[in-house]
Amino acid sequence: MTVANLTSPAFDLKAITRPNIYSLEPYRCARDDYKTGVLLDANENAYGPSLKIEEMNLDDNAVLSAKLLAGLNRYPDPHQEDVKQLLCNLRNEPSKDDPSVVPLTPENLYVGVGSDECIDTVIRCFCAPGREKMLTCPPTYGMYGVSANVNDVEVVKVDLDLATPGFPVRTDAVCEALTNDPSIHVVYLCSPGNPTASLVDPAAVKKILELPSWNGIVVVDEAYIDFSAPGSSLAPWVTKYDNLIVMQTVSKAFGMAGIRLGVSYTSAPIARILNAVKAPYNISSVTSELALLALSPESIANMRVKLAAIIEQRDRLLTELPKIPGVGKFIGGNDSNFLLVQILDKPGGEPSSAVANKVYETLAQNKGVVIRFRGKEPGCVGALRITVGTKEENDVLLEKMAETLAATYA
Ligand SMILES: Cc1ncc(COP(=O)(O)O)c(C=O)c1O
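Criteria and thresholds
Residues numbered from 1 in each chain as written. Predicted model: local features only at pLDDT ≥ 70, side-chain atom pairs only at ≥ 80, totals over all residues. Heavy atoms only, no water. UniProt positions renumbered as here; feature names shortened; annotations may be inferred. Helix = DSSP H or I, 4+ residues; strand = E, 2+ residues; numbered from the N terminus. Rg over C-alpha atoms; globule rule 2.2 N^0.38 Å. Buried < 20%, exposed > 50% of the residue type's maximum accessible area, 1.4 Å probe, protein only. Contact = heavy atoms within 4.5 Å. Areas by Shrake-Rupley, 256 points an atom, 1.4 Å probe, with all protein chains shown as cover. Lys, Arg positive; Asp, Glu negative; His and termini not counted. Charge placed at Lys NZ, Arg CZ, Asp CG, Glu CD. Near = heavy atom within 4 Å. Polar contact = N/O pair within 3.5 Å; in protein donor to acceptor, adjacent residues only side chain to side chain. Nonpolar A, V, L, I, M, F, W, Y, C, P; charged D, E, K, R; others polar. Arc of directions from axis to C-beta. Domains from an automatic or database assignment. Buried area = accessible area lost by both parts, 1.4 Å probe. Salt bridge = Lys/Arg side-chain N within 4 Å of Asp/Glu carboxyl O. Expected span 1.5 Å × (residues − 1). Axes fitted to C-alpha atoms, helices over the stretch in contact; angles between N-to-C directions. Parallel < 35°, antiparallel > 145°, perpendicular 65-115°, else oblique. Pairing = 2+ DSSP bridges.

In the annotation of an unreviewed UniProt entry, the protein is listed under the name histidinol-phosphate transaminase and assigned to Myxozyma melibiosi. Per its UniProt entry, the protein bears the Catalytic activity (unreviewed entry) comment "L-histidinol phosphate + 2-oxoglutarate = 3-(imidazol-4-yl)-2-oxopropyl phosphate + L-glutamate". According to its UniProt record, the protein has this under Sequence similarities (unreviewed entry): "Belongs to the class-II pyridoxal-phosphate-dependent aminotransferase family."

What follows is the structure in structure tokens.
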């Protein structure tokens, strides 16, 4: 049966859509193509949520569910003070005995629907569409560019140092770009970087924050910070730098990607601006109830146990992957829950993006293992990004990687 189309002849979707939106390339992930199998593509926490589900007895679950369901007729708390306080406690912890450190308070926080909303909110607040710009340091997280496009904001790119292991920030080049172009209002640094898995040197961040020839905001995206050495977070710096935003998320170390909760730690005046533009009830009551549980002292202790297991498995992959003929060098750092490794055109040969892409596709299509091809990123020839899985998942990964490479070169 054909349905009559009653649309006005004047309707022209392309003509009424903002041109930058009509031509938008949306964020793409391996999960768009492959949804099942051993999923080592999205840097999730394979060990599960920080909440101790095994220890929550059925009665607890029933009480929690009943409480959540009974309250669903009401809008959630627009301010999320309780969640914010726990997020402050988490980052105040390492410095609580140092009297020179000013503790973070909920006034320093903005919470969003994942860090992805936090990223977008900053651009909407500080970069006027079509006029002002932001700066990123590729290879980096793809959502910075997607959010910039959505907001019709130009991205100035200053590549990381692609020739030096660990991809350090080219601080002088960044400072020069900022000095020469006052229309750049925001700099996005990713620490540890995705896909580099390397922490940004705090001295580089300090230099940009203190640059006297530039007026703008430095965002440090610390989505993976808990996989780095303890004390690496720059969140406590927001009480001494008025121009810093440190973003974090419960999606990674806390294993709570499904609830969508990201946080920006910043100065109180910036937090006020970010909070002013958000939708009033952006964080659902289901998200905040689960976040309160995930951020309790017991859950944080549980998260740290799982963290230790991930770090042990990361060390194992660092040792075992290079033993597979055709696996080349790790080109990133070891500060995250994933590794960036090169695949060679032949054992002992040169890095090859064509071979790496073929290995990625074969693993996903025929072997049930989904990782991420990163060979098109600057400085990442032949690179695959592999999330650290559970011991059993890593067993499968190592076996299938060896099988696939052997067949590739046969
Ligand atoms: C660097 C980086 N920032 C932010 C995010 C998004 O985090 P969220 O799940 O909180 O939106 C990711 C997700 O992979 C990421 O890699």
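### A word on the overall build of the protein
When you go through the protein residue by residue, the secondary structure sums to 13 helices and 13 strands. In terms of C-alpha radius of gyration, the protein reaches 22 Å, essentially the compact-globule figure of 22 Å for 410 residues. For the protein, the C-alpha atoms occupy an extent of roughly 70 × 60 × 55 Å along the three principal directions. Counting across all 410 residues of the protein, residues that qualify as buried make up 51%. Considering only residue pairs separated by 6 or more positions, the protein has 72% of its internal contacts joining residues 24 or more positions apart. Of the roughly 19200 Å² of accessible surface on the protein, a fraction of 56% belongs to carbon and sulfur atoms. Separation between the mean location of the 38 positive side-chain charges and that of the 49 negative ones in the protein comes to 3 Å.

### With respect to the site of the ligand
Around the ligand sit 13 residues in total, of which Ser115, Asp221, Tyr224, Thr249 and Ser251 are the nearest. Within the backbone of Asp116, an N or O atom sits 3.1 Å from an oxygen atom of the ligand. Interatomic distance of 2.6 Å between a side-chain N/O atom of Tyr224 and an oxygen atom of the ligand. Taking 400 Å² as the accessible area of the ligand by itself, protein coverage stands at 93%. Per-element tally for the shell around the ligand: the top contributor is helix α5 (residues 114-126), with three residues. In the shell around the ligand, the residues fall into four nonpolar, five polar and four charged.

### Focus: helix α8 (residues 202-209)
Within α8, the full set of buried residues consists of Ala204, Val205, Ile208 and Leu209. Buried residues along α8 cover an arc of 135 degrees about the axis, so they all sit on one side. For α8, the secondary structure elements touched by its buried residues are α7 (171-180), β5 (184-190), β6 (217-221) and β7 (244-249). Where α8 begins, the side chain of Asp201 points an oxygen toward the backbone nitrogen of Ala203, at a separation of 3.0 Å.

### Thoughts on the domain arrangement of the protein
Under the domain assignment, the protein is made up of domain 1 (30-49 + 300-409) and domain 2 (53-294). Distance between the C-alpha centres of domain 1 and domain 2: 26 Å. Tallying the contact residues gives 27 residues for domain 1 and 27 residues for domain 2. Of the roughly 2200 Å² buried between domain 1 and domain 2 on both sides combined, carbon and sulfur atoms contribute 61%. When residues of domain 1 are sorted by the area they lose upon contact with domain 2, Pro49, Met303 and Asp335 head the list and together hold 25% of the total. Counting every contact that joins domain 1 to domain 2 gives zero salt bridges.

### Considering α5
Residues spaced three or four apart along an α-helix point in a common direction, a consequence of the helix completing one turn every 3.6 residues. An ideal rise of 1.5 Å per residue puts 18 Å on 13 residues; α5 measures up with 19 Å between its terminal C-alpha atoms. In terms of burial, α5 is a largely internal element, ten of the 13 residues being buried. When we look at burial in α5, the residues that qualify are Gly114, Ser115, Glu117, Cys118, Ile119, Asp120, Thr121, Val122, Ile123 and Phe126.

### Considering the packing of α5 against helix α9 (residues 268-277)
For the pair α5 and α9, the least separation of the axes is 10 Å and the interaxial angle reads 100 degrees. When the axes of α5 and α9 are compared, the pair comes out roughly perpendicular. Residues Thr121, Val122, Arg124, Cys125 and Phe126 of α5 form the contact with α9, whose participating residues are Ile270, Ile273, Leu274 and Val277. Among the residues forming the contact of α5 with α9, the class breakdown is seven nonpolar, one polar and one charged.

### Some remarks on the sheet that holds β6
On the basis of which strands lie adjacent, the open sheet formed by seven strands has the order β2-β8-β7-β6-β5-β3-β4 and mixed pairing. Only two strands of the sheet have a single neighbouring strand rather than two, namely β2 (109-112) and β4 (154-157). The average angle at which neighbouring strand axes cross in this sheet is 25 degrees, direction not considered. Where β6 meets β7, four bridges bridge the pair, whose relative direction is parallel. Looking at the pairing, Asp221 lines up with Met247 of β7. Each of β3 (133-136), β4, β5 and β6 is contacted by helix α6 (residues 142-150), which is oriented at about 170 degrees to β3, the strand it contacts most. Those strands touched by α9 are β2, β6, β7 and β8 (262-266), and its axis lies near 145 degrees from that of β8.

### Some remarks on the sheet that holds strand β13 (residues 383-387)
The four strands lie next to each other as β9-β10-β13-β12, forming an open sheet whose pairing is antiparallel. The open sheet terminates on both sides in strands that have one partner only, identified here as β9 (327-330) and β12 (372-373). As paired elements, β9 and strand β10 (residues 338-343) share two bridges and run antiparallel to each other. From the neighbouring strand, Val327 faces β10, where its bridge partner is Ile343.

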